[in-house]
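One-letter residues, chain by chain:
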Amino acid sequence: MKKNQQPTANTQNLTPKTQKLTPPNSDEYFMRIALSEAQKAYQKDEVPIGAVIVLDNQIIAKAHNQTETLQDPTAHAEILAITTANQFLSSKYLNNAKLYVTLEPCLMCSGAIFWSKLSHLIFGAFDEKNGFTKTQNNLKSGSIIHKKLTVKSRILETECVAILQDFFKNKRLK
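All of these numbers come straight from a predicted model, not from anything done at the bench.

Definitions and cut-offs
Residues numbered from 1 in each chain as written. Predicted model: local features only at pLDDT ≥ 70, side-chain atom pairs only at ≥ 80, totals over all residues. Heavy atoms only, no water. Phe/Tyr/Trp six-rings, centres within 6.5 Å; stacked < 30°, edge-to-face > 60°. Buried < 20%, exposed > 50% of the residue type's maximum accessible area, 1.4 Å probe, protein only. Lys NZ or Arg CZ within 6 Å of the ring centre and 35° of its normal. Axes fitted to C-alpha atoms, helices over the stretch in contact; angles between N-to-C directions. Helix = DSSP H or I, 4+ residues; strand = E, 2+ residues; numbered from the N terminus. Parallel < 35°, antiparallel > 145°, perpendicular 65-115°, else oblique. Contact = heavy atoms within 4.5 Å. Nonpolar A, V, L, I, M, F, W, Y, C, P; charged D, E, K, R; others polar. Pairing = 2+ DSSP bridges. Core = buried A, V, L, I, M, F, W, Y, C linked by side-chain atoms within 4.5 Å. Right-handed = clockwise from strand over helix to strand, strands pointing away.

All chains considered together, the criterion is met by six aromatic pairs. Taken together, a centroid distance of 5.1 Å and an interplanar angle of 80° make the contact between Y29 and F30 edge-to-face. Y29 sits in the partly exposed class, given a relative accessible area of 31%. The class of F30 is buried, set by a relative accessible area of 2%. On the numbers, 5.0 Å between centres and 90° between planes, the contact of F123 with F126 is edge-to-face. For F123, a relative accessible area of 1% translates into the label buried. We note K117 situated over the ring of Y93; from NZ or CZ to the ring centre the distance is 4.3 Å.

One way to put it is that helix α1 (residues 27-43) packs onto helix α6 (residues 157-173) with a least axis distance of 10 Å and a crossing angle of 5°. By the criterion of interaxial angle, the relationship of α1 to α6 is roughly parallel. Residues M31, R32, L35, A38, Q39 and Y42 of α1 touch α6, and the partners they reach there are E159, C160, I163, D166, F167 and N170. Here the residues of the contact of α1 with α6 are counted per class, giving seven nonpolar, two polar and three charged.

Attention now moves to the sheet that holds strand β3 (residues 98-103). Pairing between sheet strands relies on hydrogen bonds along the backbone, with the strands arranged either parallel or antiparallel. Spatially, the five strands line up as an open sheet ordered β2-β1-β3-β4-β5, and their pairing is mixed. Every interior strand has two partners, whereas the edge strands, β2 (58-64) and β5 (150-152), have only one. Along the sheet, successive strands turn relative to each other by an average axial angle of 15°, direction set aside. With four bridges joining them, strand β1 (residues 50-55) and β3 adopt antiparallel strand pairing. If you follow I53 over to β3, its bridge partner there is L99. Against the sheet, α6 touches β3 and β4 (120-125), its axis set at about 60° to β4.

A separate point is the nonpolar core. Counting 40 residues, the largest nonpolar core has M31, I53, L118 and L121 as the members making the most contacts within it. Those elements that provide at least two residues to this core are α1, β1, β2, α3 (77-89), β3, β4 and α6. It is α1 that provides the largest number of residues to this core, a total of seven residues. Residue contacts for L118: discarding those within four places in its chain leaves I53, I82, L94, A97, K98, L99, I113 and L149.

Before going further, it helps to spend a moment on the pairing of β3. The buried fraction of β3 amounts to five of the six residues, a majority that puts the element mostly inside the structure. In the sheet, β3 pairs with β4 via five bridges, with the strands oriented parallel. Bridge pairing links L99 to L121 in β4. Each parallel crossover has a hand, and for β3 linked through helix α4 (residues 107-116) to β4 it is right-handed.

Here it is, written out as structure tokens:
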């Protein structure tokens, strides 16, 4: 954050003074980058969700929600990151790639994760209302995630929840 720039969200867990040092190429390291993307969304008055796609410990795509900016209900961080990664690799499949996202993906994004053949999904906070876990429990047949997908949750959960809570608290105050 620049010296004169005012934070628009409670980012005390993201600032250099309080940020825990995490080794590069760790789940926490990449989730902090996803949180940085979420902050960009927050500053644009978008729901603050960020996503990062990593292949061989290299970031190949980053994105944040842009549904309001693009007036497109499919412009979720995950979808935009997957599209960017597909273009970067010139491939419709993202075999061996990891997706880091600050909030549990919705049903639409879960479908994109399934079809892109990502190998890992790492997310911060659960979405009790629209997340794929809740949706999957309500489906009668099959799984909405690929059986080869490894899922890890609650990575930097406190920070991921805090930015969302702050965003919606400020929305209610307006």
